[in-house]
Amino acid sequence: MNRSSPIPIATAFALVLAAGAVLASPPAQTALPAWEQLTPAQRELVIAPLRDRWNADPQMRARLFQHAQRWQQLTPEQRARMRHGLGKWEHMDPQQREAMRTLFHKMRDLTPGQRATLREQWRAMTPQQRRDWVEANRAPAD
Amino acid sequence: MNDDRQHPRRGSALSDGDFERALRARHREAIDSLSPRVQAQLQQRLRALRAPATGIRRRHPAWGLAAACSLAVVFAFGIHRRLADKNTSVPVPTVAVSGNNDSGELVATLDEAPDLYLWLASDDANKILSE
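Throughout this document, residue positions are counted from 1 along each chain, in the order its sequence is written. Numbering of ligands from 1 and lettering of chains from A proceed in the order in which they are written. With pLDDT at 70 or above as the cut-off, local features in this predicted model cover only qualifying residues; side-chain atom pairs require 80 or more to be listed or tallied, and sums for whole chains, interfaces and linings still use all residues.

Draft legend 1. Just the packing of helix H2 (residues 40-56) of chain A against helix H4 (residues 104-111) of chain B, in detail. Orientation of H2(A) relative to H4(B), taken along the N-to-C sense of each, is 45 degrees, at an axis distance of 7 Å. In this view, H2(A) runs oblique relative to H4(B), as classed from their interaxial angle. Note that H2(A) runs across H4(B); the crossing there is right-handed. In this structure, H2(A) contributes A:Pro49, A:Leu50 and A:Arg53 to the contact, and H4(B) contributes B:Gly104, B:Leu106 and B:Val107. In the scheme used here, Gly and all other residues not listed as nonpolar or charged are polar, with Ala, Val, Leu, Ile, Met, Phe, Trp, Tyr, Cys and Pro taken as nonpolar and Asp, Glu, Lys and Arg as charged. Tallied by class, residues from the contact of H2(A) with H4(B) come to four nonpolar, one polar and one charged. Axis definition: a line fitted to C-alpha atoms, limited for helices to the stretch in contact. Angles are taken between N-to-C directions and run from 0 to 180 degrees. Note on conventions: DSSP H or I runs of at least 4 residues are helices, E runs of at least 2 residues are strands, and numbering of each starts at the N terminus. For classification, angles of less than 35 degrees are called roughly parallel, those exceeding 145 degrees roughly antiparallel, those between 65 and 115 degrees roughly perpendicular, and all remaining angles oblique. Crossing handedness follows the turn of the near helix against the far one: under a right angle anticlockwise gives a left-handed crossing, and clockwise gives a right-handed one. Here contacts are defined at the residue level, using C-beta atoms placed from the backbone and a cut-off of 7 Å between them.

Given below as structure tokens:
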């Protein structure tokens, strides 16, 4: 009798679903270009923390520069591992950082056997003994 | 009833309005004289004749709804694109924000010797950290 066509209703339903999908999905993040294609303002924005650090402490500049030179020597695979180590570093408290920094400086001059011995010694130490050991073997700033 | 109503065209003094009223009165009388059954049949046929037109009218709201939804989709898509463009024009410097270090990952990368971070990812450091 007075049955209306289901096509417009189905079309409307589909469009409502499509609108919902469009609104529900987050706006697509357009991939940023390579550094060379960034605008000067964008580059400025990215390096602002480093510039601030560089200007804030003149005593640190040689150290930052030396680290940047070393970073440039690393292979892409080493840089990836470095980022992994940096991730661990960021989750350490200052006391842990100092201990790991001291252990690193101590161990890099040791043979594999000596490193294993130091690990065993470290494992056997009490927290106070570890603090004393770190204090006695404190690494010089790079 | 007067003579003018019986023969509306005869009176030269009859106005158009009076003529129309006279015709409508005749029409009402004719309908009133029909039996209820015949009236019901006529009404049923009248409804059947009007049905297609009604159907067309009923389809209009559905197409209107579809058109409104189309506009909604276009509007939503436009808003979406504008937001995406806005994000593109002002990129978030994710590289400069990380963890507990206020100076950010970019600075932290150079704050310590890269070899220290490399060592932290080594087996030696893992064994010490896992204790």
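Now that the structure has been shown, we can carry on.
Draft legend 2. Fine view of helix H4 (residues 76-90) of chain A. Under the convention used throughout, the expected extent of a helix is 1.5 Å for every residue step, that is, one less than its residue count. For H4(A), spanning 15 residues, the distance from its first C-alpha to its last is 21 Å, which sits close to the expected 21 Å at 1.5 Å a residue. To assign burial, the other C-beta atoms lying within 10 Å of each residue's own C-beta are counted, with C-beta atoms placed from the backbone; 20 or more indicates buried, 12 or fewer indicates exposed, and intermediate counts indicate partly exposed. Restricting attention to buried positions, one finds in H4(A) the residues A:Met82, A:Gly85, A:Leu86 and A:Trp89. Down the axis of H4(A), the sector holding all buried residues measures 105 degrees, keeping them to one side. What points out from H4(A), more than 90 degrees from its buried face, is the exposed set A:Pro76, A:Glu77 and A:Ala80. Buried positions along H4(A) lie against helix H5 (94-107) of chain A together with H4 and helix H5 (114-120) of chain B. The reported arc concerns the directions from the helix axis to the C-beta atoms and nothing else.

Draft legend 3. Main features of the nonpolar core. Counting residues in hydrophobic clusters, the biggest one holds 18 residues, and the most contacted among them are A:Leu86, A:Met100, A:Phe104, B:Leu116, B:Tyr117, B:Trp119 and B:Leu120. In terms of residue count, H5(B) provides more of this core than any other element does, five residues in total. Residues of type Ala, Val, Leu, Ile, Met, Phe, Trp, Tyr and Cys that are buried and joined through C-beta atoms within 7 Å form what is called a nonpolar core.

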